[in-house]
Amino acid sequence: MYDVLPYPSAKEPWLTTARWRAIERHFREMVMRAGYREIRTPILEPTELFKRSIGEATDIVSKEMFTFVDRGDRSLTMKPEGTAPAVRACIEHNLFTEHPLLKLYYIGQNFRYERGQKGRYRQHQQLGVEVFGATDAAVDAEVLALAMSFFTSLGVSCRLHINSVGTTDCRTRYREALKAYVEPSLANLSDEGQMRFKVNPLRMLDTKDQRDLAILAGAPALREFLSEESSLHFQQLQDYLTAIAIPFRIDDGLVRGFDYYSGTVFEIKGEGLGAQDALGGGGRYDGLVEECGGAAVAGLGFGIGMERCLLALEALGIAPNQEDEAPVAFIITAGSQQEVKTAAVKLLYSLRTAGIAADMDYQGKNFRRQFKRADDVGTRFYIIIGEDEAAKGTVQLKDRSSGEQREFDAESVAEALRTGRL
RNA sequence: GCGAUUGUAGCUCAGGUGGUUAGAGUGCCAGGUUGUGGCCCUGGAGGUCGUCGGUUCAAGUCCGAUCAGUCGCCCCA
C-alpha cells in the first residue's frame, strides 16, 4: 500500500496526485470520445459474486481476496477486479434491457492479498471499460484499440499479445489433448507444472520454466481446437486490427487467470517495469452475465493498471501533461499596518471571485521572505501592497520572470492578470 | 504462501576490530531594519539508530526474534 502525495517524494516521484489526475483525465477524455459512460460500484460485494464469476479454483479467489464476515453474518469481499461488480450492478438496475448496447468505463480501486513488489500493490487502481451486448469482432477491435492508444498517446511503447481461448467446448477438447500430449513427460515437468497439470492444465502454457517450455514446445495449440465460429471471429479481429494499424502478436501461451474469459483474450506488456510488466489486460466474457444471474448478454472489457502506467512513464522519463497548480498571483504586503493587510485580504478574495488563482502568506513573514514563499509556490505575478498603495487603492503588479513592474488600480488588476500582460 | 536483501534526521547517506553529549550534505525555520524575490552569509530546530530481547563494565556496531520496505517466485494491473 502507498499514499499518493501532493508533492513528489525522493523515493517515489511518480506517486503524486497531479500525475494521477493527469492520467485519469487522459483516460476519461479518450473513452468518452468513444461513447463510454462512467459506472462506480461499491468496494464491498458479496463474496459469492467473485467465487462464481472469477472461479473458485483461480489464484485470486483461492488465496488473494480480502474477505471478512460482517455484523450481519454475511461474507463480504473487497473487490479484486472491476468486471463482476459492474455486471452485478447492470443486472440489478436493468441496464441491459434499457440499453441493449452498453458501453461503460470505470476508475476504481481493487484489492488483492498478495506479497508486495515493484508494480504490485494490495490496493491498486484500474482504469477499465466494459462493452455489453455485442459479439461483433469489430467491438473486440475497438476495445483493444482503446487500450493500446491509451498508452501510445501517452508515449509509452508497449506490445499487444492476443489469443483466443474459444468456447467452453473448445477448451474442454483442448484440455484433453494437451494432457494427453504432456502425460508421457509428466515426470520431467517442474513441480509447478505438475501441479497445474492436475488443477488447471491450460495454465501449464503460461510458464517461464525452461524445461517446461521445452516439453510444451511441440504441444498442440489451443488455436487448432477452436470451433469454426471462434476461429472466424479471431481472424476477423486480426483483420480489423490490421486495418486500423494496431500491431499485435498472437501468443499461444496467453491464458488468463480468470475462469470467465471466452474467445478473445489479450495482455499489454510494457518495458522497464521489472517482473510485473503487464500494463493491462482483458478479454471477452460472453457467459458471465448469465453466470451472474442475468440474461445471455455478451461482454468484453479491459483493465489498465494505474500504478504500472505511472511507473512506465517514470521509467521513460515522460511527465504526463499535468495541470498547473501554481497561483497566477501572489499578494505580498509591506509594512505592518492593519489597513495594508485588510486591503490585501480584500484583493485576494476579489481575485478568486473573478476566477483568478491567487494566494498570499499567512505566516507573518517579512517582506523579503514573502517573495521567497511566492517563488516556492511558483506564482507568475507578484502583487505588492504597501501603505501608499493601500491609501490610494492601488497595487504594484510585478511579472516574476521579467521583473517588470507597474502600478494598477486595485479594481483593474484582475483584468490585467486575465490578459497575462502588464 | 516461498526465497533474497535492506532498515541511522523530512530526504540522500557517513558512522574500521563495541568505548563520552550519533555526524555531513540537502531540505525546513529564523535573522541579515516588513518597499522588492531567485544568490549569498549567520544561527536554529529535528534522531527512543525499525521494534523487542540477549551477550557485555559498555551495543548504532555482536547474537536472536519480530515488524516493515524493496526485489524475485507464484499470479496479475
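Residues numbered from 1 in each chain as written. Chains lettered and ligands numbered in written order. Predicted model: local features only at pLDDT ≥ 70, side-chain atom pairs only at ≥ 80, totals over all residues. Heavy atoms only, no water.

Peer 1: Help me out: how do you make sense of the overall build of chain A in this one?
Peer 2: Secondary structure summary: chain A contains 16 helices and 16 strands in total. Over its C-alpha trace chain A gives a radius of gyration of 28 Å, far above what one expects of a compact globule, namely 22 Å for 422 residues. Referenced to the eigenvectors of the C-alpha coordinate spread, the extents of chain A come out at roughly 95 × 55 × 50 Å. Out of the 422 residues belonging to chain A, those deemed buried represent 50%. With an accessible surface of roughly 21,200 Å², chain A has 49% of that area assigned to carbon and sulfur atoms. Each charge sign in chain A was given a centre, from 52 positive and 60 negative side chains, and these centres are 4 Å apart. (Helix = DSSP H or I, 4+ residues; strand = E, 2+ residues; numbered from the N terminus. Rg over C-alpha atoms; globule rule 2.2 N^0.38 Å. Buried < 20%, exposed > 50% of the residue type's maximum accessible area, 1.4 Å probe, protein only. Areas by Shrake-Rupley, 256 points an atom, 1.4 Å probe, with all protein chains shown as cover. Lys, Arg positive; Asp, Glu negative; His and termini not counted. Charge placed at Lys NZ, Arg CZ, Asp CG, Glu CD.)

Peer 1: Please explain the environment of proline 220 as it appears in this structure.
Peer 2: Looking at where proline 220 falls in the secondary structure, it is placed in the loop between α9 (210-216) and α10 (228-243). Classification of proline 220 as buried rests on a relative accessible area of 19%. Sequence separation of proline 220 and valine 395 is 175 residues, and the distance between their C-alpha atoms is 80 Å. Residues in contact with proline 220, not counting those within four places in the same chain, are Tyr174, Ala177, Tyr181 and Phe225. (Contact = heavy atoms within 4.5 Å.)

Peer 1: Quick question: what am I supposed to make of the protein's contact with RNA strand B here?
Peer 2: Taken together, 57 residues are adjacent to RNA strand B, and Arg112, Arg120, Arg196, Gly257 and Tyr382 come closest. By atom count, sugar and phosphate contribute 49% of the portion of RNA strand B lying within 4 Å of the protein. Backbone polar atom of alanine 275 to a phosphate oxygen of RNA strand B: 3.0 Å apart, as the coordinates give it. Separating a base nitrogen of RNA strand B from a backbone N or O atom of arginine 400 is a distance of 2.8 Å. (Near = heavy atom within 4 Å. Polar contact = N/O pair within 3.5 Å; in protein donor to acceptor, adjacent residues only side chain to side chain.)

Peer 1: Got a minute to help me understand the packing of helix α6 (residues 137-152) against α10 in this structure?
Peer 2: Helix-helix packing: each pair is described by the crossing angle between the helix axes and the interaxial distance. For the pair α6 and α10, interaxial distance at closest approach is 8 Å and the crossing angle is 50°. Considering their axes alone, α6 and α10 lie oblique with respect to each other. As α6 runs across α10, the sense of the crossing is right-handed. Here Ala137, Ala138, Asp140, Ala141 and Leu144 of α6 come into contact with α10, specifically with His233, Gln236, Leu237, Tyr240 and Leu241. Residue classes in the contact of α6 with α10 are distributed as seven nonpolar, two polar and one charged. (Axes fitted to C-alpha atoms, helices over the stretch in contact; angles between N-to-C directions. Parallel < 35°, antiparallel > 145°, perpendicular 65-115°, else oblique. Left-handed = near helix turned anticlockwise from the far one by under 90°. Nonpolar A, V, L, I, M, F, W, Y, C, P; charged D, E, K, R; others polar.)

Peer 1: Would you explain the packing of helix α1 (residues 17-33) against helix α12 (residues 306-316) in this entry?
Peer 2: Contact pair α1 / α12: the axes reach a minimum separation of 11 Å and the direction vectors enclose 110°. By the angle between their directions, the pair α1 and α12 is classed as roughly perpendicular. In this structure, α1 uses Arg19, Trp20, Ile23 and Glu24 to contact α12, whose residues at the interface are Met306, Glu307, Cys309, Leu310, Leu313 and Glu314. Each residue belonging to the contact of α1 with α12 can be placed in one class, and the counts come to six nonpolar, no polar and four charged.

Peer 1: It is not clear to me how the sheet that holds strand β2 (residues 44-46) should be interpreted in this structure. Could you clarify?
Peer 2: By definition, the strands of a sheet pair up through backbone hydrogen bonds, in either a parallel or an antiparallel sense. One open sheet holds the three strands; their spatial order is β2-β4-β3, and the pairing between them is antiparallel. The strands lining the two open edges of the sheet, one partner per strand, are β2 and β3 (66-69). Each neighbouring strand pair of the sheet contributes to a mean axis angle of 35°, computed without reference to strand direction. Where β2 meets strand β4 (residues 75-78), three bridges bridge the pair, whose relative direction is antiparallel. For leucine 44, the partnering residue across the bridge sits in β4 and is methionine 78. Sitting on the sheet, helix α2 (residues 47-54) touches β2, β3 and β4, and the angle it makes with β2 is about 70°. (Pairing = 2+ DSSP bridges.)

Peer 1: Explain the nonpolar core here, please?
Peer 2: When a protein is soluble and globular, its nonpolar side chains tend to lie buried together. Grouped together as the largest cluster of nonpolar side chains are 49 residues, with contacts concentrated most on Ile23, Phe27, Phe150, Phe151, Leu160, Ile268 and Phe302. Top contributing element to this core by residue count: α6, with 11 residues. Once residues lying within four places of it in the same chain are set aside, the contact partners of phenylalanine 27 are Tyr105, Tyr106, Ile107, Leu127, Gly128, Val129, Phe150 and Phe302. Listed in part, the 41 residues of the second largest apolar core include Met65, Ala84, Leu102 and Leu205. (Core = buried A, V, L, I, M, F, W, Y, C linked by side-chain atoms within 4.5 Å.)

Peer 1: Can you walk me through the sheet that holds strand β11 (residues 299-305) in this structure?
Peer 2: Pairing within the open sheet is mixed, and its eight strands lie in the order β1-β5-β6-β11-β10-β9-β7-β8. The open sheet terminates on both sides in strands that have one partner only, identified here as β1 (37-38) and β8 (249-250). Across the sheet, α1 touches β1, β5 (102-111), β6 (123-132) and β11, and the angle it forms with β5 is around 160°.

Peer 1: Sorry, what's going on with the pairing of β4 here?
Peer 2: Consecutive residues of a regular strand have side chains that alternate between opposite faces of the sheet. Alignment of β3 against β4, held across four bridges, turns out to be antiparallel. The residue bridging valine 69 from the neighbouring strand is serine 75, located in β4. Where β3 folds back on β4, the antiparallel hairpin that results is connected by five residues, among which aspartate 73 adopts a positive phi of roughly 70°.

Peer 1: What exactly am I supposed to notice about the domain arrangement of chain A here?
Peer 2: Interface size is commonly expressed as the accessible surface area that is lost when the partners come together. As assigned here, chain A comprises domain 1 (17-166 + 226-316) and domain 2 (329-415). Each of domain 1 and domain 2 has a C-alpha centre, and the two are 50 Å apart. (Domains from an automatic or database assignment.)

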